[in-house]
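# An overview of the molecular structure
Below are the chains, spelled out letter by letter.
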Amino acid sequence: MNNELLKELQWRGLINDCTDIEGLEKALDDKPLSLYCGVDPTGDSMHIGHLLPFLLLKRFQQRGHKPIVLVGGATGMIGDPRQTEERQLQTMEEVAHNVRCLTLQLEQLFGEAVTFVNNYEWTQGLSVLDFLRDFGKSFNVSQMIAKDLVKSRLETGISYTEFTYQILQAMDFNHLYDNYDCQLQIGGSDQWGNIVSGLDLIRKKQGHEAKAFGLTLPLITKSDGTKFGKTESGAIWLDGKKTSPYEMYQFFINTADADVIQFLKYFTFLSQTDIENIEAQFTAAPHERLAQKTLAYEIVKLIHGEAAVDQAIRITDALFSGEIADLTRAEVEVGFKDVPGMTLAEDLTLIDVLVAVGAARSKREAREFITNQSISVNGVKQNELSFVVEKKMAIDETFTVIRRGKKKYFLVKHT
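In what follows, the accompanying structure is described. Residue numbers here run from 1 along each chain, matching the order of that chain's written sequence. Note on the predicted model: pLDDT of at least 70 is required for a residue's local features to be given, and 80 or more for side-chain atom pairs to be given and counted; whole-chain, interface and lining totals, by contrast, use all residues. With hydrogens and water excluded, all non-hydrogen atoms of the structure serve as input to the side-chain values.

Here we come to the overall build of the protein chain. A helix here means a DSSP run of H or I that spans at least four residues, while a strand means a run of E at least two residues long, and both kinds are numbered starting from the N terminus. From N to C terminus, the protein chain includes 19 helices and 15 strands. Structurally, the protein chain occupies a C-alpha span of about 85 × 50 × 40 Å along its principal axes. Within the span of the protein chain, comprising 415 residues, buried residues form 48% of the whole. By sequence separation, contacts in the protein chain at least 24 residues apart represent 72% of the contacts at least 6 residues apart. Three exposure classes are used, based on accessible area relative to the maximum for each residue type with a 1.4 Å probe and protein chains only: buried under 20%, partly exposed in between, and exposed over 50%. Residue contacts follow a heavy-atom distance rule, with two residues in contact if any of their heavy atoms lie within 4.5 Å.

Quick look at the structure:
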């Protein structure tokens, strides 16, 4: 393999399968290639599990190739079949809203040097008869049923609507080949059947000499077998209102040692030399967590920008050290939103606050914690039994952060 980009993708572990690796290598060497990746607007934000194919698209962009991002306003009306059950259909208004939201997220990732398309544009005027005559005739039902995902749904049932999804996606590839000279579709390994359907349609419509390719990425799995991109509280969203930059930073900084180097290869644009240097330092001193810190920094900066990742690091460092007095009200709200808390309408003794917020089971235990210097208020240890938690001493006169021991935090909001 002579193509440097494909060599890099193999080193990163980003190639799961390719319909014609030798042909793709030659095409990449011949001229800048147009390629696309798509996402359906089933929600108003992508999550971290959607990100990898688009990062791959961006790697092609950085090597001078021409990326096309497809947000599927038409396919989003149908829904890519899931392994388990039929999708709940969305209204046209919901789909249109989601298209706008996802397009904005992807524009932030790619900048202006990318072509955005919506497959609703070339399907909205297509009649049922035209669909059946011009496209349905090109698909063999036996081959459609043989696709892994369709096959897995036959026992529980699959609607004709979702069954025809692969035709719609094939139409996309054919349209982009015909109108944008797009020769490559990339997607996750679960999209292999849809990609192959698109290639078959291109050859039937454009002739067997048509040069088009499909490339899939591996399914991301963690070393412990659990699903990547999920936490106990749900998915890690790219929308900062759904998952704050701090929460995203925490997700990646807690990556297991066994996974972190591979995730650096997957999710960052650091060079092979940089990653190998990080790996060497990480192997020598894993307790310093250089690999995790680098991974979290690079991803949050990519998605949310440098100011957001700097704030995430500031909150993280404050929680680790307990020195939180310099945090802003907004940073406290983000960093401590999941800790036990209470609302306080008037000033109250620290002993009573500890009991009320759940930091102590009784006033006697609260006094013991204070006397033993186990309690900090806004980063300052308190050993005075008469200490009063006052609004005027709170962070921005809004929050008082109480720490018991080294790790247990509690939040008081003053009204």
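Looking at where glutamine 183 falls in the secondary structure, it is placed in strand S5 (residues 182-188). Note on glutamine 183: relative accessible area 10%, which makes it buried. Identification of polar contacts relies on pairs of N or O atoms within 3.5 Å, with a donor-acceptor requirement for protein atoms, meaning one able to donate a hydrogen and the other able to accept it, and with residues adjacent in sequence counted only if both atoms are side-chain atoms. In this structure the side chain of glutamine 183 is engaged in a polar contact, spanning 3.0 Å, whose partner is the backbone oxygen of lysine 211. Beyond its immediate stretch of four places on either side in the chain, glutamine 183 contacts Lys31, Leu33, Ser34, Phe173, Tyr177, Lys211, Ala212 and Phe213.

The criterion for strand pairing is that DSSP finds at least two bridges linking the strands in question. If you walk across this open sheet you meet the five strands as S9-S15-S14-S11-S12, and the pairing is mixed. Taken across any chain shown, the strands that pair with only one partner, and hence form the sheet edges, are strand S9 (341-344) and strand S12 (380-381). Pairing analysis gives two bridges linking strand S11 (residues 375-377) to S12, with the strands arranged antiparallel. Bridging across to S12, serine 376 finds its partner in lysine 381.

Two distance rules govern patches: like charges are joined within 9 Å, and nonpolar side chains (Val, Leu, Ile, Met, Phe, Trp, Tyr) within 5 Å, applied only to residues with over 30% relative accessible area and no salt bridge. Using a 1.4 Å probe, the Shrake-Rupley method yields the accessible areas, and only the shown protein chains count as cover for residues. Salt bridge criterion: a side-chain nitrogen from Lys or Arg within 4 Å of a carboxyl oxygen from Asp or Glu. A grouping of Val128, Leu132 and Tyr160 is seen on the molecular surface, where their side chains present a nonpolar patch of about 340 Å² in accessible area. On the secondary structure map, leucine 132 appears in helix H6 (residues 128-134). Given the relative accessible area of 40%, leucine 132 is considered partly exposed.

Core analysis: the biggest nonpolar cluster contains 75 residues, and Phe54 and Phe267 have the highest contact counts within it. It is helix H3 (residues 51-62) that contributes the most residues to this core, seven residues altogether. Once you skip the residues sitting within four places of it in the chain, phenylalanine 54 turns out to touch Cys37, Gly38, Val39, Met46, Val69, Leu106, Leu109 and Phe110. Throughout, nonpolar core names a set of buried Ala, Val, Leu, Ile, Met, Phe, Trp, Tyr and Cys residues whose side chains join them through atoms within 4.5 Å. Among the nonpolar cores identified, the runner-up in size contains 18 residues, and Leu354, Ala360, Val377 and Phe410 belong to it.

Glancing now at the sheet that holds strand S6 (residues 213-217). A sheet is described by the order of its strands in space; here six strands give the open sequence S1-S6-S5-S2-S3-S4, paired in mixed fashion. Each edge of the open sheet carries a strand with a single partner, namely strand S1 (17-18) and strand S4 (115-117). With six bridges joining them, strand S2 (residues 34-39) and strand S3 (residues 66-71) adopt parallel strand pairing. Within S3, the position partnered with tyrosine 36 by the bridge is isoleucine 68. The axes are straight lines fitted to the C-alpha atoms, using for helices just the contacting stretch, and the angles between their N-to-C directions are given from 0 to 180°. Along the sheet face, helix H5 (residues 92-110) touches S2, S3 and S4 and points at about 160 degrees away from the line of S3. In this fold helix H10 (residues 165-180) packs onto S2, S3, S4, S5 and S6, with an angle of close to 145 degrees to the strand it touches most, S5.

This part is about the side chain of asparagine 194. The topology assignment puts asparagine 194 in helix H11 (residues 192-206). Asparagine 194 gets classed as buried once you look at its relative accessible area, which sits at 10%.

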